[in-house]
Amino acid sequence: MTDATNIPAAGERHGWDEATIEAEAPLSVAPRHLPRALMAAAAALILVVIVGIVLHGRQPTVAMYVWLSMLIFVVGAFGVLIRRNALVLFMCIELMLNAANIAFVAFARASGNVEGHAIVLFVMIVAAAEVAVGLAIIVSIFRRRHSANVDDLTTLKW
Amino acid sequence: MTLFVVFGALALGAAVAMIFQRNSVHAALLLVLNLLSVAVLFLSLGAEFLFASQIIVYAGAIVVLFLFVIMLLGVDRSEVITEPRTFQRRQIVIGGLSAVVLIGAVAPVLTSKTLSEKLPSVPKTFGSAETIGGVLFQTYLLPFELTGLLLLVATVGILMLAKKNPR
């Protein structure tokens, strides 16, 4: 797609140029319209009520917690696939690690064994180390390339 | 049950809102909401110690680190904060397909009978720091020491990465 001799500058490969960024930036940085936030809150409330009616009178089971954990994991994986900002990619990875933690704690509770909690602690420590190193790498990439967009980092592309 | 429904929906909603949020700072704040809801779910599963450490480590340390880096890269540079709308159809299709495959692979296991039983009652000290400390310092002593080494290596690595390259 791109020649090795012709490495495009940050932002050139997309269908947007500096002018549209400048024009769009104030709109996207400005706070969202209130009606949209209200609609989102109302949708969440309706969702909670519907799920509450469906599950009414039942005790939560391990399966429900693992379903929730799987859904959050899928959302995180989907985010990794569609987002381009390196910082948001890391946030999505955190989401996936955290979803796995829910399943660990649910299974620990079901089997009455505390070892699952110890594993969750290890996951948290590894996630902290991973985020710290990853963010340091992003900062050093940004110093050189002046971009946090993963699509611009094509130097190692075959 | 109420706890599970309310905070489960909150966690899932915050996660969905996070990945469709163009503003990085807002995405980080939605991540905090998600992590706090998950902390409450931990509490509802009897994991008091993990509830506290989730709030301290994730919401307190990791997200603050994210926000710190966003500010360090520059709030005045709009392309760091926001992202142009480049969601291509190909990415959405591939993402949706992998989501369906993952759910389809796990769903048969989750509908089995053994997982649908009521949660057994556990002793009061189930998720306390004392119990977890016992497991951590007896069964998992070596892995626990190794995580200390991991954190040391990470710290040294960050110092090396963050050092300015002399030209």
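In this text the structure is predicted, and so the values were computed from the model without any measurement.

This part covers the overall build of chain B. Summing up its helical and strand segments, chain B has 7 helices and 0 strands in all. For chain B, the N- to C-terminal ordering of α and β elements is α-α-α-α-α-α-α. A globule of 167 residues ought to have a C-alpha radius of gyration of about 15 Å, yet chain B, at 21 Å, is considerably larger. Here the C-alpha coordinates of chain B stretch approximately 60 × 40 × 30 Å along the principal axes. Per-residue burial for chain B yields a buried fraction of 39% across its 167 residues. For chain B, the accessible surface area stands at approximately 9,400 Å², while carbon and sulfur atoms represent 72% of it. Taking the average location of the 11 positive side-chain charges in chain B and that of its 7 negative ones, the two points are 12 Å from each other.

The subject of this paragraph is the interface of chain A and chain B. Each side of the interface is counted separately: chain A has 82 residues, and chain B has 91 residues. The contact between chain A and chain B buries some 8,100 Å² in all, and 77% of this surface belongs to carbon and sulfur atoms. Applying the counting rule to chain A against chain B returns 0 salt bridges. Seen at the junction of chain A and chain B, the total is 7 residue pairs in polar contact (both at pLDDT 80 or more). For the side of chain A that touches chain B, the secondary-structure elements that each account for two or more residues are helix H1 (18–29), helix H2 (34–54), helix H3 (62–82), helix H4 (86–111) and helix H5 (115–145) of chain A. Among the elements that make up the side of chain A that touches chain B, the one with the highest residue count is H5(A) (25 residues). The residue inventory of the side of chain A that touches chain B, partitioned by class, reads 58 nonpolar, 14 polar and 10 charged.

Within the largest apolar cluster, 71 residues are counted, with the highest numbers of intra-cluster contacts made by Met18(B) and Phe66(B). For this core, the secondary-structure elements that each account for two or more residues are H3, H4 and H5 of chain A together with helix H1 (2–19), helix H2 (24–44), helix H3 (48–74) and helix H6 (129–138) of chain B. Residue contacts for Phe66(B): discarding those within four places in its chain leaves Leu87(A), Phe90(A), Met91(A), Glu94(A), Val131(A), Leu135(A) and Leu31(B).

Here we come to the environment of Ile62(B). Residue and element names in this part refer to chain B. Looking at the secondary structure, you find Ile 62 in helix H3. Take Ile 62: its relative accessible area is 3%, and that puts it in the buried class. With 50 residues separating them in the primary sequence, Ile 62 and Leu 12 have C-alpha atoms 20 Å apart.

Moving on: a nonpolar patch on the surface. All names here are of chain B. A cluster of nonpolar side chains, Leu 142, Leu 146, Leu 149, Leu 152, Val 153, Val 156 and Met 160, forms an exposed patch at the surface whose accessible area comes to about 710 Å². With respect to the helices and strands, the residue Val 153 is situated in helix H7 (residues 141–162). Residue classification places Val 153 among the exposed positions, given a relative accessible area of 53%.

Basis of the calculations
Residues numbered from 1 in each chain as written. Chains lettered and ligands numbered in written order. Predicted model: local features only at pLDDT ≥ 70, side-chain atom pairs only at ≥ 80, totals over all residues. Heavy atoms only, no water. Helix = DSSP H or I, 4+ residues; strand = E, 2+ residues; numbered from the N terminus. Rg over C-alpha atoms; globule rule 2.2 N^0.38 Å. Buried < 20%, exposed > 50% of the residue type's maximum accessible area, 1.4 Å probe, protein only. Areas by Shrake-Rupley, 256 points an atom, 1.4 Å probe, with all protein chains shown as cover. Lys, Arg positive; Asp, Glu negative; His and termini not counted. Charge placed at Lys NZ, Arg CZ, Asp CG, Glu CD. Contact = heavy atoms within 4.5 Å. Buried area = accessible area lost by both parts, 1.4 Å probe. Salt bridge = Lys/Arg side-chain N within 4 Å of Asp/Glu carboxyl O. Polar contact = N/O pair within 3.5 Å; in protein donor to acceptor, adjacent residues only side chain to side chain. Nonpolar A, V, L, I, M, F, W, Y, C, P; charged D, E, K, R; others polar. Core = buried A, V, L, I, M, F, W, Y, C linked by side-chain atoms within 4.5 Å. Patch = residues over 30% accessible without salt bridge, like charges linked within 9 Å, V, L, I, M, F, W, Y side chains within 5 Å.

The analysis is restricted to geometry; functional conclusions fall outside its scope.
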